[in-house]
Amino acid sequence: MDLSYTAEEADFRARLREWLRKTLPSLPPKPSPDDWPARRAYDLGWQRTLYDAGYADVHWDASPTMRLIFLEETEKAGAPYVGANFVGLLHAGPTIAAEGTDGQRARWLPPILRGDEVWCQGFSEPDAGSDLAALRTRAWRDGDDYVVNGSKIWTSHAEVADWCELLVRTDPDAPKHRGITWLALPMDAPGITVRPLRTLAGSAEFAEVFLDEVRVPVANRVGDENDGWRVTMVTLSFERGTAFVGEVVACRRVLRELAAEARKNGRWDDPALRRWLGRLNAEFRALWRLTQWNVSAAETGGGVPGVAGSVFKLRYSHARQELYDAAADVLGPEALDLDRPWVPDRLSSLSYTIAAGTSQIQRNIVAERILGLPKGR
Amino acid sequence: MRFQLTEDQRALRDGVRGLLVRRFDRDALWAAVAEPGLDRALWRELGAAGFFALRVPEAEGGVGLGLPEAVLAFEEAGRALLPGPLLATHLAAGTVAGAATGETVVAAVDGGLVEWLAEADVVRGDAAGAVPLRSVDPLTPLHRAPGAAGVADPVAVLLTAAEQLGTATRACELAVQHARTREQFGQPIGGFQAVKHLCAELLARVEVARAAVYAAAVTGDRADIAAARLLSDEAAVRGARDCLQVHGGMGFTWESEVHLLLKRAWVRAQRGGGVTQSEELLAADLVA
Ligand SMILES: Cc1cc2nc3c(=O)[nH]c(=O)nc-3n(C[C@H](O)[C@H](O)[C@H](O)COP(=O)(O)OP(=O)(O)OC[C@H]3O[C@@H](n4cnc5c(N)ncnc54)[C@H](O)[C@@H]3O)c2cc1C
């Protein structure tokens with residue numbers, strides 16, 4: 001068991017730190033959360049900055065440990081997070097890299113890395129959430145095109161996306177996991193309507209996407225027809241694997257800020273609160289160690305982080321919600337003021353036990369795939 | 001960074017596990033419950049295997065290994081529910097003559113309690129005026145000692161956490177085994193989500209605790225150790241409770257092993273200033 005870093009890793013960290021120190025002060029101010037075009041421009045601009053400095057492909061080509069260092073250092077330095085590049089960098093991109101043809105990789109990957117194009121994820125449907133494989137958006141072959149009809153929901157960043165990684169049903173007669181196909185949908189194709197949905201936090205983070213006779217070239221299919229479920233599983237394991245590294249670092253910082261605030265406003269004198277924050281300190285320290293453990297396992301085992309990510313996601317999503325509940329306890333009546341720091345975060349933390357597979361679904365995965373308990377339906 | 005067990009560490013863990021399977025199986029566990037008292041022969045065997053002298057430098061006749069290896073050995077002891085003042089004797093090795101070899105049995109006063117006082121050859125700390133109490137754990141005789149609890153020794157806290165981790169792992173294994181084999185309503189109860197999700201939470205607590213305990217063994221940092229302690233206490237105590245629930249009426253019987261896990265976990269949770277001291281330490285760390 002070794003938690004020290006190699007000379008090469010330490011050097012990577014030192015150079016990255018130095019670069020962040022020099023680069024971050026010249027970034028433009030963060031845009032308002034409601035201004036989507038500005039958010040898109042800001043997030044893409046950051047990706048372009050990374051690209052120019054040679055850090056753009058860290059999510060794909062670097063070793064898991066280098067990726068960990070990158071996410072840790074950028075977060076500690078207060079650098080922007082992936083934002084609108086999330087799906088491109090962490091779902092669609094890795095899927096195309098793993099399953100696409102040379103031509104597809106050449107078409108789609110460089111614009112993601114350069115910060116030219118935004119992707120969104122069109123998986124969930126009104127009647128297919130946890131039971132994703134029940135999706136019904138239909139695609140028929142017509143010459144060199146698929147013709148797509150149906151609707152998607154909860155599509156994050158749909159309003160500003162250039163591309164959508166779309167799951168469609170191509171064989172309605174096959175068992176539900178076997179009739180699904182993965183398509184890259186250009187978001188400017190005729191027949192697409194995007195209707196923003198307002199979240200409980202008040203902002204429009206995701207949208208409904210209606211697809212009416214939308215033509216998608218067969219050349220945009222990644223993987224074989226009806227093999228989309230397998231292709232998708234590659235993507236989902238990325239999502240649950242290292243996607244939260246930066247956030248754990250951020251939560252540890254917030255926890256210190258909370259303690260400082262509590263000292264200032266007197267709440268610190270309450271031993272029950274102090275001990276609660278102490279327990280959260282333990283939890284986030286342990287989640288950081290679990291991340292290092294999983295990264296090391298990926299390093300030795302090679303490849304995609306697997307079901308161990310479900311254990312992490314299960315604990316992390318609850319810990320994050322508890323962190324902001326503790327923040328509310330520190331704030332007292334101020335916890336009802338949307339202009340106070342942490343109050344909007346408390347609202348957005350509520351999505352963590354739902355998005356990317358609910359906690360109940362994660363428990364099913366842990367019980368069935370790790371512990372080998374009988375599969376339910 | 002290679003935060004995984006090395007070949008040698010895996011071999012050491014398997015070695016300790018093998019020894020305990022041979023020398024302290026289920027029958028031995030129940031024999032110990034029926035006939036409380038320390039098995040001195042087993043104690044010397046543990047000594048010969050290097051359990052107590054694990055961290056004593058080679059130059060002083062020890063095994064010369066570090067905290068990570070000690071943590072792996074204590075985890076196995078916790079998994080087997082091995083009784084006896086393992087911690088006190090291990091901590092005394094190299095200081096108290098005969099502790100390293102298991103010839104001398106050592107007990108220690110910790111937070112107003114002494115485990116295994118009557119069986120000990122040497123007692124560390126002030127046990128004057130200690131009175132026996134009717135121990136909740138049939139495998140840990142206890143004395144109540146007057147005097148206030150001091151600041152906990154971090155190594156003792158960490159090795160206790162390792163024992164808790166082992167017991168939590170055992171609770172998870174027992175729960176899953178029972179969930180797979182016990183049938184009701186014509187199916188294994190592990191097919192019911194309510195049971196399945198208890199098992200998933202059991203595992204999640206074990207895995208988070210494991211990462212915390214192993215990391216604390218590597219860094220030796222006081223806050224890391226306090227974190228390891230809180231998470232492994234929770235994994236063991238809650239884990240044994242959930243394991244009991246999965247076992248139904250069987251879990252409430254004396255014959256089932258489950259209560260032994262829970263009671264031992266309760267005893268260990270009292271060590272090292274209890275949970276409160278670790279929570280306060282981690283709170284103070286946030287404003288340090
Ligand atoms: C902020 C946010 C962003 C999102 N972004 C995207 C996106 O970009 N693209 C995309 O495709 N999707 C996205 N999603 C959708 C997300 O993946 C789904 O919401 C999630 O998978 C749950 O599906 P559902 O909402 O239909 O809930 P349901 O599946 O209807 O679940 C409702 C409740 O039933 C429980 N439940 C369902 N099935 C089971 C079962 N088998 N066992 C036990 N309990 C069960 C669930 O745990 C939940 O508590 C996003 C969601 C959120 C909140």
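Residues numbered from 1 in each chain as written. Chains lettered and ligands numbered in written order. Predicted model: local features only at pLDDT ≥ 70, side-chain atom pairs only at ≥ 80, totals over all residues. Heavy atoms only, no water.

Identification of chain B as Acyl-CoA dehydrogenase from Streptomyces dysideae is taken from an unreviewed UniProt entry. According to the UniProt record, the Cofactor (unreviewed entry) comment for chain B is "FAD". Per UniProt, the comment on chain B under Sequence similarities (unreviewed entry) is "Belongs to the acyl-CoA dehydrogenase family." (UniProt positions renumbered as here; feature names shortened; annotations may be inferred.)

By the naming in an unreviewed UniProt entry, chain A is Acyl-CoA dehydrogenase, taken from Streptomyces dysideae. Reading the Cofactor (unreviewed entry) entry of the UniProt record for chain A gives the comment "FAD".

At His157(A), a position not held by glycine, the phi torsion is positive, near 65°. Positive phi values are uncommon outside glycine, yet Leu81(B) reaches one of about 55°. With respect to the secondary-structure elements, Leu81(B) resides in the loop between α4 (67-80) and α5 (86-92). Take Leu81(B): its relative accessible area is 1%, and that puts it in the buried class. (Helix = DSSP H or I, 4+ residues; strand = E, 2+ residues; numbered from the N terminus. Buried < 20%, exposed > 50% of the residue type's maximum accessible area, 1.4 Å probe, protein only.)

Much of the literature gives interface size as the accessible area that the parts lose upon coming together. Facing the 50 residues of chain B at the interface are 50 residues of chain A. Across the chain B/chain A interface, buried area totals approximately 4400 Å², and carbon plus sulfur atoms make up 64% of it. Counting across the chain B and chain A interface gives ten salt bridges. A salt bridge links Glu280(B) to Arg274(A); the nearest nitrogen and oxygen atoms lie 2.8 Å apart. The interface formed by chain B and chain A contains 25 residue pairs in polar contact (both at pLDDT 80 or more). Mapped onto the side of chain B that touches chain A, the elements with two or more residues apiece are α4, α6 (154-181), α7 (193-219), α8 (222-247) and α10 (274-286) of chain B. The element best represented in the side of chain B that touches chain A is α7(B), accounting for 17 residues. (Contact = heavy atoms within 4.5 Å. Buried area = accessible area lost by both parts, 1.4 Å probe. Salt bridge = Lys/Arg side-chain N within 4 Å of Asp/Glu carboxyl O. Polar contact = N/O pair within 3.5 Å; in protein donor to acceptor, adjacent residues only side chain to side chain.)

Residue and element names in this part refer to chain B. If you check the domain split of chain B, you get domain 1 (7-144) and domain 2 (154-287). Placing a centre on the C-alpha atoms of domain 1 and another on those of domain 2 gives a separation of 20 Å. Summed over both sides, the interface of domain 1 with domain 2 buries roughly 2700 Å², with 68% coming from carbon and sulfur. A per-residue breakdown of the area domain 1 buries against domain 2 is headed by Glu-75, Arg-79 and Leu-81, which together make up 21% of the total. (Domains from an automatic or database assignment.)

What follows covers the pairing of strand β4 (residues 163-169) of chain A. All names here are of chain A. Among the seven residues in β4, seven count as buried, and that is most of the element. In terms of strand pairing, strand β1 (residues 119-122) meets β4 through four bridges, oriented parallel. By the bridge assignment, Cys-120 is partnered in β4 with Cys-164. Pairing between β4 and strand β5 (residues 180-186): seven bridges, direction antiparallel. What sits directly across from Cys-164, in β5, is Leu-185. (Pairing = 2+ DSSP bridges.)

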